[in-house]
Amino acid sequence: MEPTDANRRMFDETRRRRVVSGATLPQIVRQTLGDLAKKSVLHLHCGSGEGSAELAELGATVTAIEPDEALLDKARDRWPSILWIAADAQSLPANLRRGRFDLVYSPEGVIERLADLDAWANGVASALDTHGELLAFDDHPVALCVDGLQRWHRDYFEDGIARLGRIVTALAHAGLGVEALEEYPVDASGRRHDRRVPASFMLYARKA
């Protein structure tokens, strides 16, 4: 059975809804982060805020950004102790570029939406304090090249694909050293995919 345009549209729409909905922190991210007491955290593209609330539960002082004002309005009502700012991950406002965050968390769906990887990486670097850390957990670029039936519909090496090599290079140029990069056959919800195609990756980097 070959994938149809309808299959692809349904898959893309499902992904879009998942990205916008602001999913909670994946279990592996919670385990990796551990105790965030007394840490200042910047959460990129927080969606409707559930993940930001979990970061606060782990002890962090959280600032969360999201370009969708409607989602932010709902989040402000539910979690008033978190600072919610309307902004985009690749064009952080000046007040977030002052090197005051211990950690930047870049969740699932951010990199796929970027038009400029360098702008994202430079924004992360400028937001981090000395020796600050980045944790990114996102869809694997290879997974974005297959449809819901695990059939290839994009060339991994075409222009516009944020390949892992490009991501690491952008971070290196911004002054961040990648210390760990892992690939997983499961997505943020814990759903297992075809093991021949990685579903997600987690990257840990530190400001040099």
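Check the entry above for the structure.
Bear in mind the structure is a predicted one, so any value in this text is a computation, not a measurement.

Caption draft 1: Highlighting the overall build of the chain. In terms of helices and strands, the chain carries six helices and seven strands. Its helices and strands in sequence order give the chain the pattern α-α-β-α-β-α-β-β-α-β-α-β-β, from N to C terminus. If you sum the accessible surface of the chain, you get close to 10100 Å²; carbon and sulfur atoms cover 50% of it.

Caption draft 2: Examining the packing of helix H5 (residues 117–127) against helix H6 (residues 164–173) more closely. At a minimum axis separation of 8 Å, H5 and H6 run at an interaxial angle of 45°. Taken together, the axis directions place H5 and H6 in an arrangement best described as oblique. The handedness of the crossing between H5 and H6 is right-handed. Facing Leu117, Asp118, Trp120 and Ala121 of H5, the residues of H6 in contact are Arg166, Ile167, Ala170 and Leu171. Class assignment for the residues of the contact of H5 with H6 results in six nonpolar, no polar and two charged.

Caption draft 3: Molecular detail of the packing of aromatic side chains. Applying the stated criterion across every chain, the model contains three aromatic pairs. Between Trp79 and Trp84 the ring centres are 6.2 Å apart and the planes differ by 40°, which places this aromatic pair in the tilted class. Like Trp79, the residue Trp84 is buried in the burial classification. Both rings, one in Tyr156 and one in Phe157, keep their centres 5.2 Å apart while their planes meet at 80°; by these two values the pair is edge-to-face. What makes Tyr156 buried here is its relative accessible area of 15%.

Caption draft 4: Expanded view of the environment of Met202. Mapped onto the secondary structure, Met202 falls in strand S7 (residues 200–207). For Met202, a relative accessible area of 8% gives the class buried. As for Met202 and Glu108, which are separated by 94 residues in sequence, their C-alpha atoms are 9.7 Å apart.

Caption draft 5: Here's a closer look at the pattern of salt bridges. Taken as a whole, this structure holds eight salt bridges when the rule is applied. Taking the shortest distance from any N to any O, the salt bridge between Glu133 and Arg206 comes out at 3.2 Å. Of the two residues, Glu133 sits in strand S5 (residues 128–139) while Arg206 sits in strand S7, which places them 73 residues apart along the sequence. Under the relative-accessibility criterion, Glu133 is labelled buried at 17%. Note on Arg206: relative accessible area 29%, which makes it partly exposed. Taken together, the salt bridges that share partners define one network made up of Lys39, Glu133, Glu179 and Arg206.

Caption draft 6: Main features of the nonpolar core. In terms of nonpolar packing, the biggest core is built from 38 residues, with Leu42, Leu44, Trp120, Leu134 and Ile167 touching the most fellow members. Where this core is concerned, the elements lending two or more residues are strand S4 (101–106), H5, S5, H6 and S7. Every residue in contact with Leu134, bar those within four places of it in the chain, is listed here: Leu103, Val104, Ser106, Trp120, Val124, Leu128, Leu171, Leu176, Leu203, Tyr204 and Ala205. Residues Leu25, Ala75, Leu135 and Phe137 belong to the second largest nonpolar core, which totals 24 residues.

Caption draft 7: The sheet that holds strand S6 (residues 176–184), seen in detail. The strand order across the open sheet built from seven strands is S3-S2-S1-S4-S5-S7-S6, with neighbouring strands paired in mixed fashion. In this open sheet, the two strands that pair with only one neighbour each are strand S3 (83–85) and S6. Sheet twist, expressed as the mean angle between neighbouring strand axes with direction ignored, is 15°. Where S5 meets S7, seven bridges bridge the pair, whose relative direction is antiparallel. Looking across to S7, one finds that Asp139 is bridged to Ser200. Along the sheet, H6 contacts S5, S6 and S7; its crossing angle with S6, the most-contacted strand, is approximately 160°.

Caption draft 8: Expanded view of the environment of Val197. Position of Val197 relative to the elements: it lies in the loop between S6 and S7. Spatially, the C-alpha atoms of Val197 and Leu144 are 9.9 Å apart, while their sequence positions differ by 53 residues. The contacts of Val197, once residues within four sequence positions are left out, are Val142, Ala143, Val146 and Gln150.

Cut-offs used in this document
- Residues numbered from 1 in each chain as written.
- Predicted model: local features only at pLDDT ≥ 70, side-chain atom pairs only at ≥ 80, totals over all residues.
- Heavy atoms only, no water.
- Helix = DSSP H or I, 4+ residues; strand = E, 2+ residues; numbered from the N terminus.
- Areas by Shrake-Rupley, 256 points an atom, 1.4 Å probe, with all protein chains shown as cover.
- Axes fitted to C-alpha atoms, helices over the stretch in contact; angles between N-to-C directions.
- Parallel < 35°, antiparallel > 145°, perpendicular 65-115°, else oblique.
- Left-handed = near helix turned anticlockwise from the far one by under 90°.
- Contact = heavy atoms within 4.5 Å.
- Nonpolar A, V, L, I, M, F, W, Y, C, P; charged D, E, K, R; others polar.
- Phe/Tyr/Trp six-rings, centres within 6.5 Å; stacked < 30°, edge-to-face > 60°.
- Buried < 20%, exposed > 50% of the residue type's maximum accessible area, 1.4 Å probe, protein only.
- Salt bridge = Lys/Arg side-chain N within 4 Å of Asp/Glu carboxyl O.
- Core = buried A, V, L, I, M, F, W, Y, C linked by side-chain atoms within 4.5 Å.
- Pairing = 2+ DSSP bridges.

Shape is all these values report; function is a separate question.
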